[in-house]
Amino acid sequence: MSKILVIGSINMDLVSKVESMPQVGETVLGKGFAQIPGGKGANQAVAMSRLGADVTMIGKVGDDAFGRELKKGLENDNIDTTGIHIENGISTGIAIITVDESANNSIIVNLGANFSVTKEFIDENIEKIESADIVVLQLEIPEESVRHALEISKRLGKYTILNPAPARPLGDEIIKNVDLLVPNETELELISKMSAKDESEVKLAADSLIQKGIKEIIVTLGENGCMHLGEGFCRKYDAIKVEAVDTTAAGDSFIAGVASYIANGKAMDEAIEFATKVASVTVTREGAQSSLPHINEIEL
Ligand code: ATP
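Here the structure is a predicted model, which means the values were calculated and not measured.

1. Quick word on the site of the ligand
In the neighbourhood of the ligand, 18 residues make up the surrounding shell, with N184, T220, G222, G225 and G251 lying closest. One of the side-chain N or O atoms of N184 is found 2.9 Å from an oxygen atom in the ligand. Between the ligand and A249 there is a distance of 3.4 Å, counted from an oxygen atom to a backbone nitrogen or oxygen. Taking 640 Å² as the accessible area of the ligand by itself, protein coverage stands at 85%. Elements with a contribution of two residues or more to the shell around the ligand: α9 (250-263) and α10 (268-282).

2. Section: the sheet that holds strand β10 (residues 180-181)
Sheet strands pair by backbone hydrogen bonding; their relative direction is either parallel or antiparallel. Pairing is mixed across the open sheet formed by 9 strands, whose spatial order is β5-β4-β1-β8-β9-β10-β11-β12-β13. Only two strands of the sheet have a single neighbouring strand rather than two, namely β5 (80-87) and β13 (233-237). Looking at chain direction, strand β4 (residues 54-62) and β5 are connected through 6 bridges and run parallel. Paired with I58 across the two strands is G83, which belongs to β5. The sheet contacts of α10 involve β9 (159-162), β10, β11 (216-220), β12 (226-230) and β13, and relative to β13 the element is tilted by about 25°.

3. Some details on helix α5 (residues 143-155)
Here α5 is 13 residues long and its end C-alpha atoms lie 18 Å apart, about the 18 Å a rise of 1.5 Å per residue gives. Among all positions in α5, only S145, V146, H148, A149, L150, I152 and S153 are buried. Turning to α5, the residues buried within the fold contact β1 (3-7), α3 (119-124), α4 (126-130), β8 (134-137), β9 and α6 (172-175). One or two positions beyond α5, positive phi appears at G157, with a value near 80°.

4. A word on the packing of aromatic side chains
On inspection of all chains with the given rule, the structure shows 1 aromatic pair. Considering the side-chain rings of Y261 and F274, the 4.0 Å spacing of their centres and the 10° angle between planes classify their relative orientation as stacked. Taken together, the residues Y261 in helix α9 and F274 in helix α10 connect sequence positions 13 residues apart. Classification of Y261 as buried rests on a relative accessible area of 14%. Here the guanidinium or amino end of K60 rests over the ring plane of F121, the centre of that ring lying 4.5 Å away. Residue placement shows K266 over the ring face of Y261; its charged tip is 4.7 Å from the ring centre.

How each quantity is defined
Residues numbered from 1 in each chain as written. Predicted model: local features only at pLDDT ≥ 70, side-chain atom pairs only at ≥ 80, totals over all residues. Heavy atoms only, no water. Near = heavy atom within 4 Å. Polar contact = N/O pair within 3.5 Å; in protein donor to acceptor, adjacent residues only side chain to side chain. Areas by Shrake-Rupley, 256 points an atom, 1.4 Å probe, with all protein chains shown as cover. Helix = DSSP H or I, 4+ residues; strand = E, 2+ residues; numbered from the N terminus. Pairing = 2+ DSSP bridges. Contact = heavy atoms within 4.5 Å. Axes fitted to C-alpha atoms, helices over the stretch in contact; angles between N-to-C directions. Expected span 1.5 Å × (residues − 1). Buried < 20%, exposed > 50% of the residue type's maximum accessible area, 1.4 Å probe, protein only. Phe/Tyr/Trp six-rings, centres within 6.5 Å; stacked < 30°, edge-to-face > 60°. Lys NZ or Arg CZ within 6 Å of the ring centre and 35° of its normal.

Written out as structure tokens, the structure reads:
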């Protein structure tokens, strides 16, 4: 089995349920609180490990109770955490999430220690890139660190996967070192600077990135499934119909499904079918890491 390295964010999600969102200056009573491990990097690492992959993570947490708990949690999920540093004098990444009765949410993310995942820190951990086969990144660490990690990974001949979330425009120096890009429609629009409102627009926008050097793109379309595109091909996959209760981490578990199947030497179409099943389980449960399924929960 190939080894996967995730370089990315580690957060604690603090989730409050409310009847309606507080207005400026207003205090409302919460209807329940949960503290759930999150961060796109950690979510994807945990999801891959629960699907049976061999996963190492590079990242940072603060020297506080959340940080120590999050690192321990990743260890308990069988992730190699020797590349996760506890940074003094800075808080762990925190997402403060408020969800109202109509399932609308508002989120404040304090990147905290995730922003100390610098180019230098990646250089200090270069042996972890050397010993990996697949390197997976997102955009919740500094962009120059993502660019640097992709450059090193490609130079060392690794297969690179980028989930360009949260959405933001990307420079060509990042794009040219990505083997597989996995954006949702909004992210695709921002990166390509083109509209991606329907399948034909998604195809045009994705083609423009393929011309810039990305080998393959999977655009996730929520309950409408996904599209897999590359030089001269485009294939649509439907989502599985389920009673969705919370789509948090749907994208993270989808990417984990794809990466873990590729690590097992499977073809991309099989990997996408597997990832679609994994994500369909995730959306039937609440929270980020709390919703990520184990391999024995997926009907193969
Ligand atoms: P998030 O940021 O919430 O993690 P995302 O925007 O990155 O999500 P989506 O496109 O919403 O990712 O979803 C990823 C995959 O999850 C989809 O391609 C689909 O297979 C599955 N999925 C998402 N929503 C649903 C749903 N309501 N029912 C079934 N499957 C879903």
